[in-house]
Amino acid sequence: KEQLQLAFITYPKGLANLEVPQLWGFLFFGCLFLLGIDSAFSVVETVGTMLNDTWIGMRLRLPHWKLTIACCTAGFILSVPFTFDIGYNLIYYVDIYITKWTMILIGMLECLASGWIYKIRLQYAKVGKLAVMVYNVGYFVVLTISSIVGLLLYDVELDNGLEAWIASVGVFIGAWVGLLVVTFIICRQQKSKIVTIWYIIGWVGPDHLRTMINNIVRSKNIERWKPYSIKSEKEAFLRRDCLGITFGFFLKYVACTMLYVSTLRNFKELATRKYGSGYELGFQIIGQFLFSLTFILIVGIAIFPRIMYDPKYSGLSGK
């Protein structure tokens, strides 16, 4: 609600008090219009590329312009209800369940899969399955406990956000160090302690992804890209189409942690504040349906990955 009121009520009132309000109104709403078109480009291209990369798209091999027209037509039909008298309520609930729940959930699961699960068997082989499982599960237990501490201590009326944040970070660091010590004791030791710690807390999977991606975008006629070599890392730093040395850390720890904490914060808001108080249950069901549908699609693709990709139709069969 607040965003719509700011853009279509508060700002126009302010612009009306300026000199030549017609000019400023034209510029302001022109910017909003261009911003909407720019967002539409990114949405259509993302959906079109995703559909084209599925095995169905590879089998049909539709021209890009036909796929774009289909996406635009579907988007137009789905957006018509927002122009009705119930459109304001629909925007409100779609924004809540898509932006605050669905997008964060998808991002968190992607970070979890690529940062914590991908290539986990290589970690098993190096330091043992028990140590890896204790650390991975323990990390999220520690993160959950420290986040709950911060969320419970925070009070809007007291404006104690800094104090709550310090307490939460303190609990997390202390518990994480204890978890690392316990994991190091029970793990299978390597020749080097640094190597042992790396295979416990390191971003092995993301580094493997980084190596594959950087070698794909580079020319096949030059020397193969290798992580943590000065020459390769310098090249990755200077090239805009290669992933740098910080990719794995940000994927496994920074992005995943922030999205997980945001999810816990959403649960707190859901428990302490009723979304849509004063609105009919039917509007809430629409948002809940969209969230449930997205969750089912994510689980379905995780269980049946061939929905998105089949080597038979990609030209990679038998390789």
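Residues numbered from 1 in each chain as written. Predicted model: local features only at pLDDT ≥ 70, side-chain atom pairs only at ≥ 80, totals over all residues. Heavy atoms only, no water.

**Student:** Account for the nonpolar core, naming residues and giving values.
**Tutor:** Among the nonpolar cores identified, the biggest contains 28 residues, and Trp116, Tyr135, Tyr139, Phe140, Ile200 and Tyr253 are the most heavily contacted of them. With seven residues, helix H7 (residues 129-153) is the largest single contributor of residues to this core. If we ignore the near neighbours within four places in the chain, the residues touching Tyr139 are Trp116, Phe172, Trp176, Leu179, Tyr253 and Thr257. (Core = buried A, V, L, I, M, F, W, Y, C linked by side-chain atoms within 4.5 Å. Buried < 20%, exposed > 50% of the residue type's maximum accessible area, 1.4 Å probe, protein only. Helix = DSSP H or I, 4+ residues; strand = E, 2+ residues; numbered from the N terminus. Contact = heavy atoms within 4.5 Å.)

**Student:** An account of the pattern of salt bridges is requested, with residue identities and associated values reported.
**Tutor:** Under the definition given, this model contains four salt bridges. When the shortest N-O distance is used, the salt bridge between Glu235 and Arg239 registers 3.4 Å. With a shortest N-O distance of 2.8 Å, Arg239 and Asp241 are connected by a salt bridge. Given a relative accessible area of 26%, Arg239 falls into the partly exposed group. (Salt bridge = Lys/Arg side-chain N within 4 Å of Asp/Glu carboxyl O.)

**Student:** For the state of the cysteines, give the residues involved together with the corresponding values.
**Tutor:** Per the counting criterion, the structure on display carries zero disulfides. In this structure Cys71 is not part of a disulfide, and its nearest cysteine sulfur, from Cys72, lies 6.9 Å away. Residue Cys71 is classed as buried on the basis of its relative accessible area, which comes to 14%. (Disulfide = S-S within 2.5 Å.)

**Student:** Describe unusual backbone geometry, with residues and values.
**Tutor:** Positive phi, close to 65°, is recorded for Lys119, a residue that is not glycine. Topologically, Lys119 is positioned in the loop between helix H5 (87-117) and helix H6 (120-127). The partly exposed category is assigned to Lys119, whose relative accessible area is 33%. Positive phi outside glycine occurs at Tyr228, with the angle close to 65°. When you line up the elements, Tyr228 lands in the loop between helix H10 (204-217) and helix H11 (230-238).

**Student:** Lay out the packing of aromatic side chains with the relevant residues and their values.
**Tutor:** Here the structure, examined in full by the defined rule, presents 18 aromatic pairs. Aromatic pair Trp116 and Tyr139: ring centres 4.9 Å apart, planes at 35°, arrangement tilted. Of this pair, Trp116 sits in helix H5 while Tyr139 sits in helix H7, and the two are 23 residues apart along the sequence. You can call Trp116 buried: its relative accessible area is 3%. Overall, Tyr139 belongs to the buried group, its relative accessible area being 4%. Both rings, one in Trp198 and one in Tyr228, keep their centres 6.1 Å apart while their planes meet at 85°; by these two values the pair is edge-to-face. Residue Trp198 is located in helix H9 (residues 193-201), and its partner Tyr228 is located in the loop between H10 and H11; the two are separated by 30 residues in the primary sequence. The class for Trp198 is partly exposed, based on a relative accessible area of 25%. Among the aromatic side chains, those forming a connected cluster through ring pairs are Trp116, Tyr135, Tyr139, Phe140, Phe172, Trp198, Trp203, Tyr228, Phe249, Phe250, Tyr253 and Tyr260. In this arrangement the basic side chain of Arg210 is found over the ring face of Tyr228, its NZ or CZ atom lying 5.5 Å from the centre. (Phe/Tyr/Trp six-rings, centres within 6.5 Å; stacked < 30°, edge-to-face > 60°. Lys NZ or Arg CZ within 6 Å of the ring centre and 35° of its normal.)

**Student:** Residues and numbers for the environment of Ser147, please.
**Tutor:** Here Ser147 lies in helix H7. Relative accessible area serves as the criterion here: at 6%, Ser147 is assigned to the buried category. It is 9.6 Å that separates the C-alpha atoms of Ser147 and Ala167, two residues lying 20 residues apart in sequence. In this structure, Ser147 is in contact with Ser168, Val261 and Leu264, ignoring residues within four places of it in sequence. Among the polar contacts listed, one links the side chain of Ser147 to the backbone oxygen of Leu143, at a separation of 2.7 Å. (Polar contact = N/O pair within 3.5 Å; in protein donor to acceptor, adjacent residues only side chain to side chain.)

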